[in-house]
Amino acid sequence: MEGGVRIATTNGEILRFRRTGAATTAAREDFVPRWQGEPVRATAVQAIEGQRNIYLLDAPGRRIVQLGRDGREVARFALPTELPDATAFYVSETLRLAYTAHGSKIAATDLSR
């Protein structure tokens, strides 16, 4: 994330923090996602520096949302409806797969279009 961290809060907000210069603490920076549809309630966020995009898990909405680094929504991907809500996830941009944990099960969702 360009030297920072993103956090999903319990109310679904996404916060961005970054340390600048010789500062020993990180300061909050503005981050306002631009949704294509209804707003998403993020329950987890993945922002790996080597990846081009940011990924959000919206467990209640049963989807993964892909955002550009600027916060613009790129795509939404539906998760399996027959499983409990996802509690964790990982997206492999190289494989174009999202792995989600649903209780004792792991699901793989194809992210290619």
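Above: the structure in question.
Computed from a prediction, not measured in an experiment: that's the story for all the values here.

1. Things to note about the sheet that holds strand β9 (residues 97-102)
And step 1. If you trace the three strands from one edge of the open sheet to the other, you get β8-β9-β10, paired in antiparallel fashion. Looking at strand neighbours, the two that pair on one side only are β8 (88-92) and β10 (105-110), the edges of this open sheet. Averaged over all neighbouring strand pairs, the angle between strand axes comes to 20 degrees, with direction disregarded.
And step 2. Here β8 pairs with β9 via five bridges, running antiparallel. When the bridges of β9 are listed, S92 appears paired with L97.

2. Section: the pattern of salt bridges
And step 1. Using the criterion set out here, one finds six salt bridges in the structure.
And step 2. The salt bridge partner of R62 is D85, with a shortest N-O separation of 3.2 Å. Of this pair, R62 sits in the loop between β5 (53-58) and β6 (63-68) while D85 sits in the loop between β7 (73-78) and β8, and the two are 23 residues apart along the sequence.
And step 3. By relative accessible area, which is 24% here, R62 ends up partly exposed.
And step 4. Looking at D85, the relative accessible area reads 38%, which means it is partly exposed.
And step 5. The partner of R76 in a salt bridge is E73, and the shortest N-O contact between them spans 2.6 Å.
And step 6. For R76, a relative accessible area of 23% corresponds to the partly exposed category.
And step 7. The class for E73 is buried, based on a relative accessible area of 3%.
And step 8. Because the salt bridges share partners, they merge into one network encompassing E38, D58 and R63.

About the thresholds
Residues numbered from 1 in each chain as written. Predicted model: local features only at pLDDT ≥ 70, side-chain atom pairs only at ≥ 80, totals over all residues. Heavy atoms only, no water. Pairing = 2+ DSSP bridges. Helix = DSSP H or I, 4+ residues; strand = E, 2+ residues; numbered from the N terminus. Axes fitted to C-alpha atoms, helices over the stretch in contact; angles between N-to-C directions. Salt bridge = Lys/Arg side-chain N within 4 Å of Asp/Glu carboxyl O. Buried < 20%, exposed > 50% of the residue type's maximum accessible area, 1.4 Å probe, protein only.

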